[in-house]
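# Per-entry structural report
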Amino acid sequence: MRTIFRLLACLVLSLGLKAETAPLKTKSFQPFAGQVSARKVRLRASADLDGPIIAQLAKGHLLLVVGEKADFYAVKPPENYKLYVFRSYIVDNIVEAHRVNLRLKPALDAPVVGRLSHKEKINGQICPNNPKWYEVVPPENCYLYVAKEYVAKAGDENYYWAKTRKQETNNRSLETALETASFVSPPSETVQEPLITSIELPKTNENTVENETGFAEITTDSTSQEAADQTIAESEKLPIKPEIRLEDLDQKGASVKMKEWLPAEYELFTSWTTFHPEKSIDDFYNEQMASALEIQGVLEKFPEEINNKPGDYLVKGESLPQAYLYSTRIDLSAYVGQKVTLKVTPRPNNNFAFPAYFVFEVKTN
């Protein structure tokens, strides 16, 4: 009996491992046009429920499905979608390193959604908002993922391209008609709106709600479609995001060196609010302070002539530097040459030899 239980346990574990490490199938897969069959369906960066969420798709949204992995379909990224790679690795649109990360945002703590190979040619430009990063068009081998159960086949690959191109044509026609109406038609005339052909979706009495995992589940009741749409529209209203400006990070009495790091901190905060839209700058720092590290050493000044430096100061151990430091809250210049205990949180080290930290508190030893 024990032998049977052991065999069953091994079988369950092997099946679980197989599902977890299931390979992405694209070569023998026949691409097709997939239509989202529920509301608020999540598009993810990886084929698992813990994968970073890229967007929430509306019912009827059309996708180009190009592969499958376990319980997920691999789909091509949306048109005009951009990813980001650290600029140091790109020379003349050629990748000059191995397995370079493609990230969702121009920040080192942003989710990785793919990788670039050595000598791979890319299509991109310097990121307008952060010149340290390169903004690129997703390569052919870059995919996003959506759960299979929420995608219905609407046609073949040609159907997808026909529908998307038709929609683009209709959008251009509308823009042209509005321009004509604004600048040519006399004020007394009534301008007839252009006819726009849209995809007719089958009507249904099914409503959808979001389950605990965040995916849409289908339920059926007698509520009319119009009432259901109104309820969902109310429930999907996003909280008002507090308006935070760069100058709001400025502390009274901050030195020139401290203020030089405000843009970097503002960038980290805005990236963080992508996943915490209702949070404030105080929430951002309180969260980091709650998990702050403690390091010790002698504080020294960092050479100013070095470009792209990850801090203004160094904290040294007995012989070698331990970390680069900066702060917009503490004037570290007052502690140079002293042995200190610091409360810190990690920051990008810009590929320098040691880690970098933002300093919250300083105590002299």
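The rules we used
Residues numbered from 1 in each chain as written. Predicted model: local features only at pLDDT ≥ 70, side-chain atom pairs only at ≥ 80, totals over all residues. Heavy atoms only, no water. Phe/Tyr/Trp six-rings, centres within 6.5 Å; stacked < 30°, edge-to-face > 60°. Helix = DSSP H or I, 4+ residues; strand = E, 2+ residues; numbered from the N terminus. Buried < 20%, exposed > 50% of the residue type's maximum accessible area, 1.4 Å probe, protein only. Axes fitted to C-alpha atoms, helices over the stretch in contact; angles between N-to-C directions. Parallel < 35°, antiparallel > 145°, perpendicular 65-115°, else oblique. Contact = heavy atoms within 4.5 Å. Nonpolar A, V, L, I, M, F, W, Y, C, P; charged D, E, K, R; others polar. pLDDT = per-residue confidence, 0-100.

Within the structure shown, the criterion is met by 18 aromatic pairs. Ring plane angle 90 degrees and centroid distance 5.2 Å describe the contact between Phe86 and Trp133, whose orientation is recorded as edge-to-face. Of this pair, Phe86 sits in strand E6 (residues 83–86) while Trp133 sits in strand E12 (residues 133–136), and the two are 47 residues apart along the sequence. Phe86 sits in the buried class, given a relative accessible area of 6%. Ring centres of Phe302 and Tyr324 lie 5.2 Å apart, and the angle between their planes is 80 degrees; this geometry places the pair in the edge-to-face category. A residue pair is termed long-range when its members are at least 10 positions apart, and Phe302 in the loop between strand E17 (293–301) and strand E18 (313–316) and Tyr324 in strand E19 (residues 321–326) qualify at 22 residues. Classification of Tyr324 as buried rests on a relative accessible area of 6%.

Relative to each other, helix H5 (residues 262–272) and helix H6 (residues 281–290) sit at 95 degrees, their axes nearing to 10 Å. Of the possible angle classes, the one that applies to H5 and H6 is roughly perpendicular. Two secondary-structure elements touch here, H5 through Glu265, Leu268, Phe269 and Trp272 and H6 through Ile281, Asp283, Phe284, Tyr285 and Glu287. Split into classes, the residues belonging to the contact of H5 with H6 amount to six nonpolar, no polar and three charged.

Looking now at the confidence of the model for the protein chain. Counting all residues, the mean pLDDT for the protein chain is 74, and 70% of those residues have values of 70 or more. Put simply, strand E16 (residues 216–220) is where the protein chain has its lowest mean pLDDT, 39, and strand E21 (residues 356–364) is where it has its highest, 93. Every residue in residues 8–21 is under pLDDT 50, and counting partners more than four places away or in other chains gives one contact. A low-confidence stretch, residues 228–241 (pLDDT under 50), is modelled with nine contacts involving residues beyond four sequence positions or located in other chains.

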